[in-house]
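# Coordinate inspection notes
Listed below are the residues making up each chain.
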Amino acid sequence: MTRVFSGVKPTGHLTLGNYLGAMRRWVDVDQHQADALFCVVDLHALTVDHDPGRVRRLSRQAATLLLASGLDPELCTVFVQSHVDEHARLSYLLECVATDGEMRRMIQYKEKAARERERGGSVRLSLLTYPVLMAADILAYGTDEVPVGDDQTQHGELTRDLAVRFNQRYGHTFVVPRATRPQIAARVMNLQEPTSKMGKSDDVGPGVVYLLDEPDAVRKKIMRAMTDSGQDVVYDPEARPGVSNLLEILAACEGGDPETLGGAYESYGALKKDTAEAVIELLRPVQERHKRLCADPSYVEAVLRDGAVKAREMARPRVDAAYRAIGL
Ligand code: ADP
């Protein structure tokens, strides 16, 4: 059976981008068709200035939202990264295979490091090395497929490179995984800045729809989305990024393709109205389940405990084999 692994970072509240770009497929497809693991990658939340209590709260919230989105612990494994030591153990070995040059070429590192420096802060070494930890997250489980959004393409390639290099040097140890991405909404853009992606770490802003946003907030954000000064509704991500983003969101919610959908609208206002209602309907069942799960925290706790036990059992033999192969 295909092994699938993917995760979310608890650096902020989960967004519509996380949901459409990744989580929805985990729920609708991967947990049914594959032997799938989904992880709240909390170690990755420590790469930039963080508040310990907030990271803990957001990890719990992210795990609750994964279940609220429809991940079923009977069908897949849901756990928190730091509960399974194998991730950090393997990460160190892979640091001994990666080079500093290839880490410095990572686009996300360059962007995030530049942002930290602009703020006058220092750059944590873990910001440079976190793609290696991400490779360890994936390789520890013999993962075949990593369903992710568009922004993870480069990290996916690095993971493959490290797996191949390790296998060539020290003997076959890792499966070489491939990243898969959705055809529509692989990169949901910020509603106010449609040339940048909708990211959860962005300051709570009017351009980001969060999975727990009330219907009124969703409506307001989408109705105020930045569009250009044109009139006709055309899908053209290069020239019309704002309108195209709305069409992608609508198509992802309702089915169909963004180009055809565009032809059905005469004004931006009507498109925004329908997109807002479609997103509200998409989020409604997630929010209802989230409310029920919050009333039963011991259930979430138990799922995560069992998930960590299962994940550890799956990861340990391969990580132990990697230790032996590399000479330890
Ligand atoms: P972020 O912190 O940027 O929200 P994560 O690293 O937690 O993202 O990513 C979780 C998953 O959500 C990844 O598979 C990522 O590719 C996907 N994702 C994140 N933002 C978006 C977006 N705006 N559009 C599509 N997919 C996204």
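Note that the structure is predicted; figures quoted are calculated from it, not measured.

Basis of the calculations
- Residues numbered from 1 in each chain as written.
- Predicted model: local features only at pLDDT ≥ 70, side-chain atom pairs only at ≥ 80, totals over all residues.
- Buried ≥ 20, exposed ≤ 12 C-beta atoms within 10 Å, placed from the backbone.
- Helix = DSSP H or I, 4+ residues; strand = E, 2+ residues; numbered from the N terminus.
- Pairing = 2+ DSSP bridges.
- Right-handed = clockwise from strand over helix to strand, strands pointing away.
- Core = buried A, V, L, I, M, F, W, Y, C linked by C-beta atoms within 7 Å.
- Domains from an automatic or database assignment.
- Contact = placed C-beta atoms within 7 Å.
- Nonpolar A, V, L, I, M, F, W, Y, C, P; charged D, E, K, R; others polar.
- Near = placed C-beta within 6 Å.

### Notes on the pairing of strand S1 (residues 3-8)
Extensive coverage of S1 is indicated by the burial of five of its six residues. Across six bridges, the pairing between S1 and strand S2 (residues 35-40) is parallel. Across the sheet, the residue bridging to glycine 7 is cysteine 39, located in S2. Read from S1 through helix H1 (residues 16-33) to S2, the crossover connection turns out right-handed.

### What to know about the nonpolar core
Counting 93 residues, the largest nonpolar core has Phe38, Ala63, Leu66, Val78, Ala135, Ile249 and Val279 as the members making the most contacts within it. Ranked by residue count, the leading element in this core is helix H6 (residues 125-139), at nine residues. No fewer than three residues from each of domain 1 (3-181 + 297-326) and domain 2 (215-291) sit in this core. Contact partners of isoleucine 249, with chain neighbours within four places excluded, come to Leu20, Ala185, Val188, Thr275 and Val279.

### A short note on the domain arrangement of the chain
Each assigned domain of the chain is listed here: domain 1 (3-181 + 297-326) and domain 2 (215-291). Taken together, the contacts link six residues of domain 1 with six residues of domain 2. Residue assignment for the side of domain 1 that touches domain 2 shows that the elements contributing at least two residues are H1 and helix H2 (52-68). Ranked by residues supplied to the side of domain 1 that touches domain 2, first place goes to H2 with three residues. When its residues are assigned to classes, the side of domain 1 that touches domain 2 shows four nonpolar, two polar and no charged.

### Some words on the site of the ligand
Around the ligand, a shell composed of 21 residues is seen, among which Lys9, Gly17, Gly21, Val148 and Gly149 lie nearest. Sorting the residues of the shell around the ligand by element identifies S1 and H1 as the ones contributing at least two each. For the shell around the ligand, the element with the highest residue contribution is H1, accounting for four residues. Within the shell around the ligand, the residues separate by chemical class into six nonpolar, ten polar and five charged.

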